[in-house]
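# Examining the three-dimensional arrangement
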Amino acid sequence: MTLSANLRPITTSSQLLYSYINTTSSLQVIQIVNIPNWHFERVIFPGQRLLFYAPPNTDLEVQTSYFGQAILVKKIPGVQLEVKQ
């Protein structure tokens, strides 16, 4: 399991904890796409689980590679990935 933090000047108290698991047999690239001035992109290996902090209302795009081309697999609303405490 990997815990990743973005070093942007947003306090942790204003961020939520999210979890994503790559349940496929392919390498995936995930990125947050809808938060201005926020860059978050990670490579996720098959079976890997990633925990990360991000602002509320985050949308996650999941991409995979097919013959060297990045293909958008899905876009997931953060509410579906939020870790309930």
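The helix and strand tally for the protein chain stands at zero helices and seven strands. Helices (α) and strands (β) of the protein chain occur, in sequence order from the N terminus, as β-β-β-β-β-β-β. The buried share of the protein chain, reckoned over its 85 residues, is 35%. Within the protein chain, contacts between residues separated by at least 24 positions form 58% of all contacts whose residues are at least 6 apart in sequence. Accessible surface for the protein chain amounts to roughly 5500 Å². Of this, 55% is attributable to carbon and sulfur atoms.

Here the focus is the environment of Leu60. Turning to its location among the elements, Leu60 is positioned in strand S6 (residues 59-66). The exposure class of Leu60 is buried, given its relative accessible area of 0%. Residues Leu60 and Gln31, spaced 29 residues apart in sequence, show a C-alpha to C-alpha distance of 5.6 Å. The residues touching Leu60, leaving out its near neighbours within four places in the chain, are Tyr20, Ile30, Gln31, Ile32, Phe52, Lys74, Lys75, Ile76 and Leu81.

Quick look at the packing of aromatic side chains now. This model, assessed by the stated rule, comprises two aromatic pairs. Ring geometry for Tyr18 against Phe52: centres 5.6 Å apart, planes inclined by 25°, an arrangement best described as stacked. Taken together, the positions of Tyr18 in strand S2 (residues 16-21) and Phe52 in strand S5 (residues 49-54) put the pair 34 residues apart, joining distant regions of the chain. This pair shows no difference in class: Tyr18 is buried, exactly as Phe52 is. Here the aromatic residues Tyr18, Phe40 and Phe52 are joined through ring pairs into a cluster of three or more.

This part is about the nonpolar core. One finds Tyr20, Ile30, Ile32, Phe40, Phe52 and Leu60 to be the most contacted residues of the largest nonpolar core, which totals 15 residues. For this core, the element with the most residues is S5, which contributes three residues.

Let us look at the sheet that holds S6. Within a beta sheet, neighbouring strands are joined by backbone hydrogen bonds and run either parallel or antiparallel to one another. Ordered in space as S4-S3-S6-S7, the four strands form an open sheet in which the pairing is antiparallel. Here the strands that pair on one side only, and so sit at the sheet edges, are strand S4 (41-44) and strand S7 (69-77). Taking the axes of each pair of neighbouring strands and ignoring which way they run, one obtains an average angle of 25° across the sheet. Here S6 pairs with S7 via eight bridges, running antiparallel. Within the sheet, the bridge partner assigned to Leu60 lies in S7 and is Ile76.

Definitions and limits used
Residues numbered from 1 in each chain as written. Predicted model: local features only at pLDDT ≥ 70, side-chain atom pairs only at ≥ 80, totals over all residues. Heavy atoms only, no water. Helix = DSSP H or I, 4+ residues; strand = E, 2+ residues; numbered from the N terminus. Buried < 20%, exposed > 50% of the residue type's maximum accessible area, 1.4 Å probe, protein only. Contact = heavy atoms within 4.5 Å. Areas by Shrake-Rupley, 256 points an atom, 1.4 Å probe, with all protein chains shown as cover. Phe/Tyr/Trp six-rings, centres within 6.5 Å; stacked < 30°, edge-to-face > 60°. Core = buried A, V, L, I, M, F, W, Y, C linked by side-chain atoms within 4.5 Å. Pairing = 2+ DSSP bridges. Axes fitted to C-alpha atoms, helices over the stretch in contact; angles between N-to-C directions.

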